[in-house]
Amino acid sequence: MPLALEPFPLAVAAFAFFLAGFVKGVVGLGLPPVAMGLLSLVMAPAQAAALLVVPAFVTNIWQLAAGPRFGTLARRLWPMLTASVVGTLAAAALLHGNFGGGAIVALGLALIASAILGLAAPRLRVPPRTERWLAPLAGATTGLVTAATGVSSIPAAPFLAALGFNREDLIQALGLSFTVSTVALAVALAGSGILNLGIASVSALALVPALLGMKLGGWVRGRVSEPVFRRCFYFGLLGLGLHLASRALV
């Protein structure tokens, strides 16, 4: 596989996964958007999405396992999670592994809008009655975005943030959502032939810088207050959105 033999793409990939892991460690998300944006400079978006599978899965499991309320969150979020899996597999069957640059730019714009709304307005809340029908819609839309871009942050992250979780529950809920999305994406990529043994082995190597970055980011997160964390969360969304939307200018 060419990527495994060329020093420059490997160096870019190592830096991308370290930076993406750090962002994820601080705000609970960001590994796929940051890594996809940087990796796409040296490889095709579909290949970048396949390279993300092992680091995304392991870091999401780590994030998920760090919280104490897995059962409670799973029972509450299963409608969104189920719809996300169905949406990812259905959309992937239609797209056949075609990750469009335009879709990634659109994702960046959506992240920017969500971040500005969260920073400028009072904290949004999804009432329990609304959550029952909005959760499957948010999950299905997340699945469509995941299949089109390889990124599962929208609208899952803003939706989960609007459910009123505290910091640690939000981090664990994001980990649960992203874990399910990563598994669904891996199944879709394997079915289309993009994810194979060769790229999976390189993906496993990318786990090392991702975990180092996430460990450092988690250390930083543990030393900030809840209000500061909320601002970091939305500034993180804003930064990710700007990063992805800037591809329209490249």
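The structure we're discussing is the one just above.
This structure is a prediction, so every number in the text was calculated from the model and none was measured.

## Considering the nonpolar core
Here is step 1 of the chain: Core analysis: the biggest nonpolar cluster contains 67 residues, and Phe17, Leu39, Leu160 and Phe233 have the highest contact counts within it.
Here is step 2 of the chain: For this core, the element with the most residues is helix H10 (residues 167-191), which contributes ten residues.
Here is step 3 of the chain: Residues within four places of leucine 160 in sequence aside, it is in contact with Leu77, Met80, Phe165, Leu170, Ala173, Leu174 and Ser177.

## Here we look at the packing of helix H5 (residues 53-65) against helix H11 (residues 197-205)
Here is step 1 of the chain: At a closest axis distance of 7 Å, the pairing of H5 and H11 adopts a crossing angle of 45°. Of the possible angle classes, the one that applies to H5 and H11 is oblique. Together, Val53, Val54 and Pro55 of H5 and Ala200, Ser203 and Ala204 of H11 make up the contact between the two elements.
Here is step 2 of the chain: Residue composition of the contact of H5 with H11, by class: five nonpolar, one polar and no charged.

## So, the pattern of salt bridges
Here is step 1 of the chain: Under the criterion given, the structure shown has three salt bridges.
Here is step 2 of the chain: Aspartate 169 is the salt-bridge partner of arginine 69, the closest N and O atoms lying 2.5 Å from each other. Of this pair, arginine 69 sits in the loop between H5 and helix H6 (70-95) while aspartate 169 sits in helix H10; the two residues are 100 residues apart in sequence, bridging distant segments of the chain.
Here is step 3 of the chain: Since its relative accessible area comes to 36%, arginine 69 is described here as partly exposed.
Here is step 4 of the chain: On the basis of relative accessible area, aspartate 169 is assigned to the buried category, the value being 6%.
Here is step 5 of the chain: Among the ionic pairs, arginine 167 bridges to glutamate 168, the shortest N-O distance being 3.6 Å.
Here is step 6 of the chain: Overall, the relative accessible area of 17% leaves arginine 167 in the buried class.
Here is step 7 of the chain: For glutamate 168, a relative accessible area of 39% corresponds to the partly exposed category.

What counts, and at which threshold
Residue positions within a chain follow its written sequence, with the count starting from 1. Under the rules for a predicted model, residues below a pLDDT of 70 receive no local features and side-chain atom pairs below 80 are neither given nor counted, while totals for whole chains, interfaces and linings still include all residues. Think of the side-chain values as coming from all heavy atoms in the structure, minus any hydrogens and water. We call a set of buried Ala, Val, Leu, Ile, Met, Phe, Trp, Tyr and Cys residues a nonpolar core when their side-chain atoms join them within 4.5 Å. Note on exposure labels: buried denotes an accessible area under 20% of the residue type's maximum, exposed denotes more than 50%, and partly exposed covers the range between, all computed with a 1.4 Å probe on protein chains only. In this description a helix means any DSSP run of H or I spanning at least four residues, a strand means any run of E spanning at least two, and both kinds are numbered starting from the N terminus. Whether two residues touch is decided by their heavy atoms; if any such pair falls within 4.5 Å, the residues are in contact. Only the stretch in contact is used when fitting a helix axis, every axis being a line fitted to C-alpha atoms; angles between N-to-C directions are given from 0 to 180 degrees. Between 65 and 115 degrees an angle is taken as roughly perpendicular, under 35 as roughly parallel, over 145 as roughly antiparallel, and anywhere else as oblique. Following the grouping adopted for this structure description, the nonpolar residues are Ala, Val, Leu, Ile, Met, Phe, Trp, Tyr, Cys and Pro, the charged ones are Asp, Glu, Lys and Arg, and the polar ones are all others, Gly among them. Only one rule defines a salt bridge in this text: a Lys or Arg side-chain nitrogen within 4 Å of an Asp or Glu carboxyl oxygen.

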